Amino acid sequence: MKKMRLMKPVVVVLLFLTVLAPIVLYTDRLTTFTSFSTDEFIQQEPSTLELSAAKQEQSGDVYLENLTRSVQKPDGERSRKTRQLTEESKGLDAIVSSQEDNPIRQLTHGVDGVENGIELAGNTENVKLKMPEHALLATRAETKQEDQFIKLPKKIGEREPEKNKSEKPNERVPADTRVRYLKDQLIRGRLYLSLSATRTNAHFIRELRLRMKEVQRVLGDATKDADLPKNTPEKLKAMEQTLAKGKQIQDDCTAVVKKLRAIIHSTEEQLRVHKKQALFLTHLTAKTVPKGLHCLPLRLSTEYYSLNSSAQQFSNQEKLEDPTLFHYALFSDNVLATAVVVNSTVSSAKDSSKHVFHIVTDRLNYAAMRMWFLANPPSKATIQVQNVEEFTWLNASYSPVLKQLASQNMIDYYFKTRRAEPDSNLKFRNPKYLSIMNHLRFYLPEIFPKLSKVLFLDDDIVVQKDLTSLWSLDLKGKVNGAVETCGESFHRFDRYLNFSNPIIAKNFDPRACGWAYGMNIFDLEEWKKQNITEVYHSWQNLNQGRQLWKLGTLPPGLITFWKRVYPLDKSWHVLGLGYNPSVSQREIERAAVIHYNGNLKPWLEIGIPKFRGYWSRFVDYEHAYMRDCNMSP
């Protein structure tokens, strides 16, 4: 018994060691493990969310930044969720995105600024979230897919997505947008009419032709949207629906492409033909004398021959050979054009009494030219009118050009139809090249033997400033004072001369700067010293077969006055008003002389309208002769 009592504490101790101790130890270890795992999960979860957000940032345009920045070690699961919801409610800092560069936002953003639960708050960088986290993540995934779709290469014919109108508030809509769209519809309609797949569908063809007639009636002669009738939107929409049916019927893109290419080729060919016809008609109009200009010399000639001999004479004829005065040379058969040159020059002169105009014309216009200036004397200026037929010294034995103009070869070139000729350029078939009047400029010392300087003027110019300072200009031993025209490539020597000919290639520079006839100051003393007329004759003899240059007076002028031209300031002479509508108004206003060189002369209906006023202001359309011939501005 005593042993039993002694063993009892031992058994209790052993029981505690073998049964209770393991239980206590296991329970404590379990508690410690659970606490550690919970803390470890709470600590690891923010990192996981941050990693997820980083992946989403790389793939999408809208992403979350530092979503779990404020998540700390909570006391429990409820505290953690509360903090996450608090983080979501902060909103404005939750999304960091460039709204302006986001194409998805541009496409999905509504007028009210609310789309897909995202409300924009004034500044495009500030966004309030009104969706739970799982909905936001789902939206981000969709955004990623849409963004990838947008960035795919565009297919042929695929249109660009429309941009927000507020991005370009100052962009102007063209005034003919709807007109052009209607014309485009007609082109598409003609395309479907010619395709085999749609042509066999009788119902569609009838409908399409009806729609095309409606569009043509709506379009009419309209050039801008304001000219269209009120029912235009209805017709446009109906036509678009019909074209959509044709697109469904004709699904072969290859056939459509081939047909469109054929249409383009045909259109380009028609354009080429129309341009050629327009060029021909322009040259024809330039050669034709308008009814008014034909009537005027007849009317003037009748009046002249009704005068007695004393009334047919000009005053101040003693000034004609005075070298101290300012002498002008004009060679023209156009009475009205010559009158404008004289009137504009006298109007711009400081002292008109010192200006002398030497006019040379042909036999047909001699009486009319004299009568005009007898009836309309230009202030105190002196006028001389001469008949080129009276220049007995100017004959074929003296002038090679007269001999060439009378040759059978030249007559055949002008009056026989030879379409196969390589030089069929209409520019060189102008009848003025057959007239010796065009070549008188090379005989100035013979025409004015007692003058030292002469200012040569074409009949298609207008003088806007006083020109007297040109006579006192030192030409430094040069013969011809002229404005150079090498601002553009086609005004250089290689444009006018045949450099494939060894004579031309040996003596001249193809890139040498050209110059302009129309306003030229000639030193006749130097002309005689350098024997310019003989130089001209020698080159004309070499060009009998037109191998060195074609026709005209500028090519032989470039050759004859080679290295004998003194360049004048460009403001003295501005060219291009007869062919170039782009001549700036500033250049025109600064110019002393403006030149209507080209086919679009100001006295013709084809003249450039915005330049005609500079010329017509020197014409008195109220004059009796002008009214009799029904001439008006």
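None of these values were measured; they are calculated from a predicted model. (Residues numbered from 1 in each chain as written. Predicted model: local features only at pLDDT ≥ 70, side-chain atom pairs only at ≥ 80, totals over all residues. Heavy atoms only, no water.)

1. Some remarks on the packing of aromatic side chains
Throughout the structure, instances matching the rule amount to 24 aromatic pairs. Aromatic pair F493 and F508: ring centres 6.4 Å apart, planes at 45 degrees, arrangement tilted. With F493 in helix α16 (residues 493-496) and F508 in the loop between α17 (502-507) and β10 (519-523), this pair connects stretches of sequence that are 15 residues apart. Classification of F508 as buried rests on a relative accessible area of 7%. (Phe/Tyr/Trp six-rings, centres within 6.5 Å; stacked < 30°, edge-to-face > 60°. Helix = DSSP H or I, 4+ residues; strand = E, 2+ residues; numbered from the N terminus. Buried < 20%, exposed > 50% of the residue type's maximum accessible area, 1.4 Å probe, protein only.)

2. Quick look at the state of the cysteines
Per the counting criterion, the structure on display carries two disulfides. In this model C486 forms its disulfide with C513; the gap between the sulfur atoms is 2.2 Å. The sign of the -90 degrees torsion about the S-S bond sets the C486-C513 disulfide as left-handed. Residue C486 is found in the loop between β9 (480-483) and α16, and its partner C513 is found in the loop between α17 and β10; the two are separated by 27 residues along the sequence. Relative accessible area serves as the criterion here: at 23%, C486 is assigned to the partly exposed category. Assessed through its relative accessible area of 19%, C513 is described here as buried. Once the bonded cysteines of the chain are numbered in order along the sequence, the disulfide links fall as 1-4, 2-3. (Disulfide = S-S within 2.5 Å.)

3. Regarding a nonpolar patch on the surface
Taken together, the side chains of F280, L281 and L284 make up a nonpolar region of the molecular surface, amounting to roughly 280 Å² of accessible area. By the secondary structure assignment, L281 is in helix α9 (residues 253-287). Its relative accessible area of 48% is what places L281 among the partly exposed residues. (Patch = residues over 30% accessible without salt bridge, like charges linked within 9 Å, V, L, I, M, F, W, Y side chains within 5 Å. Areas by Shrake-Rupley, 256 points an atom, 1.4 Å probe, with all protein chains shown as cover. Salt bridge = Lys/Arg side-chain N within 4 Å of Asp/Glu carboxyl O.)

4. Let's talk about unusual backbone geometry
For S379, which is not glycine, the phi dihedral falls at a positive 55 degrees. When you line up the elements, S379 lands in the loop between α12 (366-375) and β6 (382-387). For S379, a relative accessible area of 52% translates into the label exposed.

5. Some thoughts on the environment of V619
As for its placement among the helices and strands, V619 is situated in the loop between α22 (609-616) and α23 (624-628). Sequence spacing of V619 and V340 is 279 residues, and the spatial spacing of their C-alpha atoms is 6.5 Å. Discounting residues that sit within four places of it in the chain, V619 has contacts with L336, V340 and M626. (Contact = heavy atoms within 4.5 Å.)

6. Re the sheet that holds strand β13 (residues 593-595)
Strand order in this open sheet of three strands is β8-β13-β12, and the pairing throughout is mixed. Where the open sheet ends on each side, the last strands, each with one partner, are β8 (461-463) and β12 (573-574). As paired elements, β12 and β13 share two bridges and run parallel to each other. Looking at β13, one finds that H573 is bridged to V593. (Pairing = 2+ DSSP bridges.)

7. A closer look at the sheet that holds strand β7 (residues 453-457)
Sheet strands line up and pair through hydrogen bonds in the backbone, either parallel or antiparallel. Across the sheet, seven strands lie side by side as β6-β5-β4-β7-β10-β9-β11; this open sheet has mixed pairing. Each having just a single partner strand, β6 and β11 (565-568) make up the two edges of the open sheet. Neighbouring strand axes in the sheet, compared pairwise and without regard to direction, differ in orientation by 25 degrees on average. Sheet analysis places β9 next to β11, joined by four bridges and oriented parallel. Across the sheet, the residue bridging to G481 is Y566, located in β11. Contacts between helix α11 (residues 335-348) and the sheet are confined to β4 (326-331), β5 (355-361), β6 and β7, with β5 contributing the most and set at about 175 degrees to the helix. (Axes fitted to C-alpha atoms, helices over the stretch in contact; angles between N-to-C directions.)

8. A closer look at helix α7 (residues 202-219)
The end-to-end C-alpha distance of α7 is 26 Å, a good match for the 26 Å that 18 residues give at a rise of 1.5 Å each. Among the residues of α7, F204, I205, E207, L208, M212, E214, V215, V218 and L219 are the ones counted as buried. (Expected span 1.5 Å × (residues − 1).)

9. Here's the deal with the nonpolar core
Note on soluble globular proteins: their nonpolar side chains tend to be buried together. Counting residues in each nonpolar core, the largest one holds 64 residues, and the members touching the most others are L296, W372, F373, L455, L467 and W615. For this core, the element with the highest residue contribution is α11, accounting for eight residues. Apart from the residues lying within four places of it in its own chain, the contact partners of W615 are L336, A337, V340, V462, Y596, P602, W603 and Y621. Counting residues in each nonpolar core, the second largest holds 43 residues, with M437, L440, I447 and I504 among its members. (Core = buried A, V, L, I, M, F, W, Y, C linked by side-chain atoms within 4.5 Å.)

10. Comments concerning the confidence of the model for the chain
Looking at the chain, pLDDT values average 77 and 68% of them are 70 or higher. When the criterion is pLDDT under 50, residues 30-75 qualifies, and its contacts beyond four places in sequence or with other chains add up to 47 contacts. (pLDDT = per-residue confidence, 0-100.)

11. Here we look at the pairing of β7
If a strand is regular, its side chains alternate between the two faces of the sheet. Taking burial as the measure, the five residues of β7 include five buried ones, the bulk of the element. The alternating pattern of β7 places K453, L455 and L457 on one face and V454 and F456 on the opposite face, and all of these are buried. The pairing of β7 with β10 spans five bridges and is classified as antiparallel. Residue pairing for β10: K453 is matched across the bridge by D523.

12. Examining the side chain of S301
Structurally, the position occupied by S301 is in helix α10 (residues 291-305). Owing to a relative accessible area of 14%, S301 belongs among the buried residues under this scheme. If we ignore the near neighbours within four places in the chain, the residues touching S301 are L364, A367 and A368.

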